[in-house]
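# Residue-level structural notes
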Amino acid sequence: MQTTNSDFIDIMEKNHMEIPWHDYANDDSNVLIAEAGLIEKASVIGRVGLIMLSCGTGAWRVRTSMNRLSKELGVTCTVDVGLMSIVFNCFDGNDCISQSLSIASTGVNTSKLYRMEQFVDHFPEEEAHMTGEDIHKRLDEIEEIHALYSPAKLGLAAALACCGFTFLLGGGPVEMALAFIAAGIGNLIRTKLIKHHYTLFLNIAVSVSAACFTYAVFLKLAELVFHIPEFHEAGYICSMLFIIPEFPFITSGIDLAKLDLRSGLERLTYAIIIVMVATLFAWIMALLLHLEPADFTTLHLSAAARLIFRVIASFCGVFGFSIMFNSSHSMAATAAFIGAIANTLRLELVDFTHMPPAAAAFIGALTAGLLASFIKKSNGYPRISLTVPSIVIMVPGLYLYRAIYNFGIMSLTDAVSWFTSAIMIIVMLPLGLIFARILTDRTFRYCT
């Protein structure tokens, strides 16, 4: 059967139809949104929630924003939020509007989230005195905030983040340099694939495989040219840690704490999918390239030198991850400052008090949450835009990979040990942020 060009066009058509938001408002209408009809009000409320959902924030924040707009517009809104969809009803005492909205794909955009939180905060003073058409035009401007950085800059950010991650996991200069190169190339490819809207599985498989392959090639070149020993291969794990699904992991825990089970479970499932695909393809590449996740060689550093390098590596790592989340330089630097303090505290607790890593992770996340809450009062940055990048450096990606690797080679005892350790730490990280929110945010303490 011969395939025509029209068949390819049909395949490339969007599976998610775009919503003509401006059709809900009349161009020639001078009616303010507060006096507009229920359909027009619902379109503004729903669109605000959908944009916030597309930024990667959790269900609680999405619902809170929609509720604030609803109260200002004199309607009652009930919302059910998932990972990629919102179902909500609006009542005004006479009529009821039900809508089901969805996004084509999920991601993280902290700059857009910051603009949306400002939009919601200033709505009573500004947008509430505008027409529906003018509000949708303003939302058009916010929706156009895509990536602030080019794929090359995002590749450099991933390189910096994974380089810092490598030192914190015990790697030396050779592993750090190789991870810098491999992670940069891997995330460069990943951002290119995202830009062309390739599916999630293909994106993960290609970028992780490219990072592992690049690490192996440059390690071999280093062996031939500089006579670098082969045992530096352990750093290949660090070269793919840019793929860690930090936001879904953390927001799933927060949603589950607020009993938003649909959103929490969907986000957790999404994060598990990413981890499984990434670790399985990394395991396959390790078999093909004859790489093994051996222990790093011991670095002989004094306690003072190790402390200083940990602060620097934590700052660089968090800064790189924050840039990958589309944060501005100032927002990324703020998150990096928090992460440098919280993560260094975590590592020092493990070294000098022999505290279990999971307990130290809880204290580190709690510290990050408290610092973010304090700093938010002065600069207004979204709390989640500061806390998630600051604790992503604590996510045990190395443990998860080693668990899958040992499962693959049927070393079940080691696999279970690594997996149990990883799960303990992963559970403690959002738990620390949750208790920080409980201590600093009155509205978060209740389930009303």
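In this numbering scheme, every chain counts its residues from 1 along its sequence in written order. Since the coordinates come from a predicted model, pLDDT governs what is reported: local features require at least 70, and pairs of side-chain atoms require 80 or more to be given and counted, while whole-chain, interface and lining totals use all residues. Side-chain numbers here rest on the full set of heavy atoms in the structure, without hydrogens or water.

## Some thoughts on the nonpolar core
Counting 120 residues, the largest nonpolar core has I86, F88, F119, Y236, Y401 and L429 as its most contacted members. In this text, helices come from DSSP runs of H or I with a minimum length of four residues, and strands from runs of E with a minimum of two, each type numbered from the N-terminal end. Sort the elements by how many residues they give to this core and helix α2 (residues 38-54) lands first, with nine residues. Not counting residues within four places of it along the chain, the set of residues in contact with F88 comprises A42, G46, M66, C77, T78, V79, I97, S98, Q99 and L101. The nonpolar core is taken to be a set of buried Ala, Val, Leu, Ile, Met, Phe, Trp, Tyr and Cys residues, with the residues joined through side-chain atoms within 4.5 Å. Relative accessibility under 20% of the residue-type maximum defines a buried residue, over 50% an exposed one, and the middle range a partly exposed one, all with a 1.4 Å probe and only protein chains included. One finds A271, V275, L400 and I426 within the second-largest nonpolar core, a separate group that totals six residues. We call two residues contacting when some pair of their heavy atoms lies within 4.5 Å.

## Observations regarding the confidence of the model for the chain
Each residue gets a pLDDT score, which is the predictor's confidence in that residue and runs from 0 to 100. The predicted model of the chain averages 88 in pLDDT, with 96% of residues at 70 or higher. In the model, residues 1-10 has pLDDT below 50 throughout and makes one contact with residues more than four positions away in sequence or in other chains.

## What to know about the packing of helix α10 (residues 261-289) against helix α15 (residues 397-408)
For helices, the axis comes from a line fit to the C-alpha atoms of the stretch in contact; other axes are also lines fit to C-alpha atoms, and the angle between any two N-to-C directions lies between 0 and 180 degrees. Relative to each other, α10 and α15 sit at 60°, their axes nearing to 9 Å. It follows that α10 is oblique to α15 by the angle criterion. Between α10 and α15 lies a crossing whose hand is right-handed. Of α15, the residues touching α10 (which contributes V275, M276, T279, L280, A282, W283 and A286) are L400, Y401, I404, Y405 and G408. Class assignment for the residues of the contact of α10 with α15 results in 10 nonpolar, two polar and no charged. Orientation labels follow simple angle bins: below 35 degrees gives roughly parallel, above 145 gives roughly antiparallel, 65 to 115 gives roughly perpendicular, and whatever is left gives oblique. With the far helix as reference, a near helix turned anticlockwise by less than a right angle produces a left-handed crossing, and one turned clockwise produces a right-handed crossing. As a working rule, the residues Ala, Val, Leu, Ile, Met, Phe, Trp, Tyr, Cys and Pro are called nonpolar, Asp, Glu, Lys and Arg charged, and the rest polar, with Gly in that last group.

## As for helix α4 (residues 110-122)
Every α-helix carries 3.6 residues per turn, so stepping three or four residues along brings you back to the same face. Here a helix's expected span is defined as the number of its residues, less one, multiplied by 1.5 Å. Between the first and last C-alpha of α4 there are 18 Å, a value that for 13 residues agrees with the 18 Å anticipated at 1.5 Å per step. Polar contact is the term for a pair of N or O atoms within 3.5 Å; when the atoms are in protein, one must be able to donate a hydrogen and the other to accept it, and sequence-neighboring residues count only if both atoms are side-chain atoms. Two or three places before S111, at the start of α4, stands the capping residue N109, its side-chain oxygen 3.4 Å from that residue's backbone nitrogen.

## A look at the packing of aromatic side chains
Classification of ring pairs rests on two measures: the distance between centres of Phe, Tyr or Trp rings, Trp counted by its six-membered ring, which must be within 6.5 Å, and the angle between planes, read as stacked under 30 degrees, edge-to-face over 60 and tilted in between. Enumeration according to the criterion identifies 10 aromatic pairs in this entry. Between Y114 and Y381, the aromatic rings sit 5.2 Å apart at their centres with planes inclined by 70°, giving edge-to-face as the arrangement. Note that Y114 is positioned in helix α4 and Y381 in the loop between α13 (357-379) and α14 (383-392), a separation of 267 residues in sequence. Classification of Y114 by relative accessible area gives partly exposed; the value is 21%. When the centroid spacing of 6.1 Å and the interplanar angle of 85° are considered together, the rings of F165 and F321 count as edge-to-face. Residue F165 is located in helix α6 (residues 151-168), and its partner F321 is located in helix α11 (residues 303-324); the two are separated by 156 residues in the primary sequence. F321 carries the same exposure label as F165, and that label is buried. Cluster of aromatic residues (ring-pair linked, three or more members): Y236, Y401 and Y405.

## A look at the state of the cysteines
Where two cysteines share a covalent bond between their sulfur atoms, that bond is called a disulfide. The definition used for a disulfide is geometric: two cysteine sulfur atoms within 2.5 Å. Taken as a whole, this structure holds zero disulfides when the rule is applied. C90 provides the cysteine sulfur closest to C77, a residue in no disulfide bond, and the two sulfurs are 4.0 Å apart. For C77, a relative accessible area of 11% translates into the label buried. Left unpaired, C316 is separated from the closest cysteine sulfur, that of C163, by 7.8 Å.

## Here we look at the side chain of T191
Relative to the helices and strands, T191 is located in helix α7 (residues 173-195). Given the relative accessible area of 11%, T191 is considered buried. Those residues within four positions of T191 in sequence are excluded, and the remaining contacts are P151 and L154.

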